[in-house]
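Listed here are the chains, written in short residue letters.
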Amino acid sequence: MAKHRKEVALQVARSLYASEDSIDGALTQVANFVAMMPAARQEAKFAACVGQDALSEAIKAMTLLNQAREAMVRAHEALAEVRDQFHIGPFGFGVDPNKPAYPNQAQLRPVQAVA
């Protein structure tokens with residue numbers, strides 16, 4: 001039974017890390033897009049109002065992705081509690097084993113977009 005639980009926990013951990021990586025990748029892509037839009041507007045010599053609505057919407061998307069990332073951090077913390085409760089042991093997949101513990105929710109600060 002313990003071996004089976006460890007195998008299931010490993011599957012969950014892999015899926016968790018893949019989910020975290022996917023959100024980080026999407027957040028990075030949208031952040032690059034947000035950064036590109038004002039530069040493209042300047043290069044094309046358009047007025048500052050051109051594309052403002054699109055920029056605002058992209059920043060909203062980035063904010064929502066950040067909220068999804070925060071939720072995944074909380075999910076990770078909750079799964080760590082389950083792991084400890086059942087004495088399964090931590091899993092690492094190429095991350096620094098000396099990484100700091102997750103901050104509590106009060107310490108998390110959302111990403112602020114600056115235009």
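The structure reproduced in this document is the subject of the present report. Since this is a predicted model, take the numbers as computed values, not measurements. (Residues numbered from 1 in each chain as written. Predicted model: local features only at pLDDT ≥ 70, side-chain atom pairs only at ≥ 80, totals over all residues. Heavy atoms only, no water.)

1. Some points on unusual backbone geometry
Okay, step 1: The phi dihedral of Lys 45 is positive, around 60°, even though this residue is not glycine.
Okay, step 2: Tracing the chain through its elements places Lys 45 in the loop between α1 (2-43) and α2 (52-85).
Okay, step 3: Its identity is not glycine, yet His 87 carries a phi of approximately 55°, on the positive side.
Okay, step 4: Secondary-structure assignment places His 87 in the segment after α2.
Okay, step 5: Exposure remark for His 87: the relative accessible area of 72% places this residue in the exposed category. (Helix = DSSP H or I, 4+ residues; strand = E, 2+ residues; numbered from the N terminus. Buried < 20%, exposed > 50% of the residue type's maximum accessible area, 1.4 Å probe, protein only.)

2. Focus: the pattern of salt bridges
Okay, step 1: All told, the structure shown has three salt bridges when counted by the stated rule.
Okay, step 2: In this structure, Glu 57 and Lys 60 form a salt bridge, with 3.1 Å as the shortest nitrogen-oxygen distance. You can see Glu 57 and its partner Lys 60 sitting in helix α2, three residues apart, about one turn around the helix.
Okay, step 3: Owing to a relative accessible area of 47%, Lys 60 belongs among the partly exposed residues under this scheme.
Okay, step 4: Across the pair Arg 83 and Asp 84 runs a salt bridge whose closest N-O atoms are separated by 3.0 Å. (Salt bridge = Lys/Arg side-chain N within 4 Å of Asp/Glu carboxyl O.)

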